[in-house]
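Fold and contact review
Here are the chains, one letter per residue:
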Amino acid sequence: MDIISALQIALAQLVGPSAIFYALLAIGLNLHFGYAGLLNFGQIAFALLGGYGVGIMAVNYDQPLWLGAIVGIAAAGMLAVVLGIPTLRLRADYLAIVTIAASEILRLVFRSTSADDFTHSTNGIYGYASGFFTISPFDNGKQYSFLGVKFLGGDLWSMVVGWIVVGLLCLMVYLLVRSPWGRVLKAVREDEDAARSLGKNAYFFKMQALILGGCIGGLAGVFNALATQSINPDFYSTAQTFFAYGALILGGAATVFGPVLGAMLFWFLLAIPDALLRQATAGDDPLLDLSAQQVGAIRYVLLGLAIILMMVFRPQGLLGNKREVQLDA
């Protein structure tokens, strides 16, 4: 069994486009759950609107990618307003129910054959991101190697852009949570009644956090649409939101870098057993008699066990503070 090659594959996932996508989702969730105490179980719906904003504007209306990105992020912000108006004055579980329902409704609507002319339904949207890669300093078809870790030029360009965006968002979150706005948001999370008694409009602050986190989720969808050069409604399932929550739990909620570290660890821990198990099941005389489907399932089981152990022994995550994850729901 070649442990070195498995480690190289895992390191590629550690910093690859998938880790960036889930880091962006988790940063938005961190504003919702970590700093505002909002239970959003439909973060992937905001990413869906962000991704389709790029694809639809580019393919259907022949508009530039930057305009599609603005449309997608704005649509994600509007969805946050629509979901927040009837729920943010109620208990936290109402928002959780509404967001998870909205994400499934949007996915089913976008994959419906009746919407084929607009969303291309289950066929998805492809071949629209050439403008993003034409400005790349890398040869998109060439393979680059760093200490044995290999990346295609297109992925490398996506990673450069993606990590710059992640860094800027972390800086923005750092400045926001240390501002008066961020301190009020934390006060609302910890004791909404106390914040109201001091004259703070808790509903207004929660709405702002929901919109901002939703727009970051839309930005995640924009990045994924550009990096993968494809959009398919079946990708935007509810499971993606819970993967982002897994990343947030690993790294630590209500911390600036927790979502980023968690997303990187999430994909690293997912890739290591996958690579090792596929090596153990390959060849004419495999060490383990498992099918490819079983290997795919086992890696999620192992990752789930790791997250369960994290919740038992360190519920605040690697970087978090235990007091920060206690919500006034």
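Quick caveat: nothing in here was measured; it's all calculated off a predicted structure.

Here we look at the side chain of Gln240
In this structure, Gln240 sits in helix H12 (residues 238–251). Gln240 gets classed as buried once you look at its relative accessible area, which sits at 9%. Setting aside residues up to four positions removed in sequence, Gln240 forms contacts with Tyr22, Leu25, Ile44 and Phe235.

Things to note about the environment of Phe133
Topologically, Phe133 is positioned in helix H7 (residues 130–134). In sequence terms Phe133 and Leu65 are 68 residues apart; their C-alpha atoms lie 11 Å from each other. Once you skip the residues sitting within four places of it in the chain, Phe133 turns out to touch Asn140, Gly154, Trp157, Ser158, Leu226, Ala227 and Gln229.

Details of the pairing of strand S3 (residues 149–152)
Side chains Val149 and Phe151 of S3 all project onto a buried face; the interleaved residues Lys150 and Leu152 project onto a face where none is buried. Inspection of the sheet shows strand S2 (residues 143–146) paired to S3 by 4 bridges, in the antiparallel sense. Along S3, the bridge assignment pairs Tyr144 with Phe151. Linking S2 to S3, which pair antiparallel, is a turn of 2 residues; within it Leu147 sits at a positive phi near 55 degrees.

A word on the pattern of salt bridges
For side chains bearing opposite charge, pairing can occur when the charged atoms are close. This model, assessed by the stated rule, comprises 9 salt bridges. Across the pair Asp93 and Arg91 runs a salt bridge whose closest N-O atoms are separated by 3.0 Å. With a shortest N-O distance of 2.6 Å, Glu192 and Arg196 are connected by a salt bridge. Of this pair, Glu192 and Arg196 both sit in helix H10 (residues 192–197), 4 residues apart, roughly one helical turn. Salt bridges sharing common partners tie together Glu104, Arg107, Arg111 and Asp234.

A word on unusual backbone geometry
A negative phi angle is the norm for most residues apart from glycine, just as the trans form is the norm for most peptide bonds. Positive phi, normally seen in glycine, also occurs at Gln229, with a value near 60 degrees. Positive phi is not limited to glycine here, since Ala254 has a value of about 60 degrees. The topology assignment puts Ala254 in the loop between H12 and helix H13 (258–280). On the basis of relative accessibility, which here comes to 8%, the residue Ala254 falls in the buried class.

Quick notes on the rules
- Residues numbered from 1 in each chain as written.
- Predicted model: local features only at pLDDT ≥ 70, side-chain atom pairs only at ≥ 80, totals over all residues.
- Heavy atoms only, no water.
- Helix = DSSP H or I, 4+ residues; strand = E, 2+ residues; numbered from the N terminus.
- Buried < 20%, exposed > 50% of the residue type's maximum accessible area, 1.4 Å probe, protein only.
- Contact = heavy atoms within 4.5 Å.
- Pairing = 2+ DSSP bridges.
- Salt bridge = Lys/Arg side-chain N within 4 Å of Asp/Glu carboxyl O.

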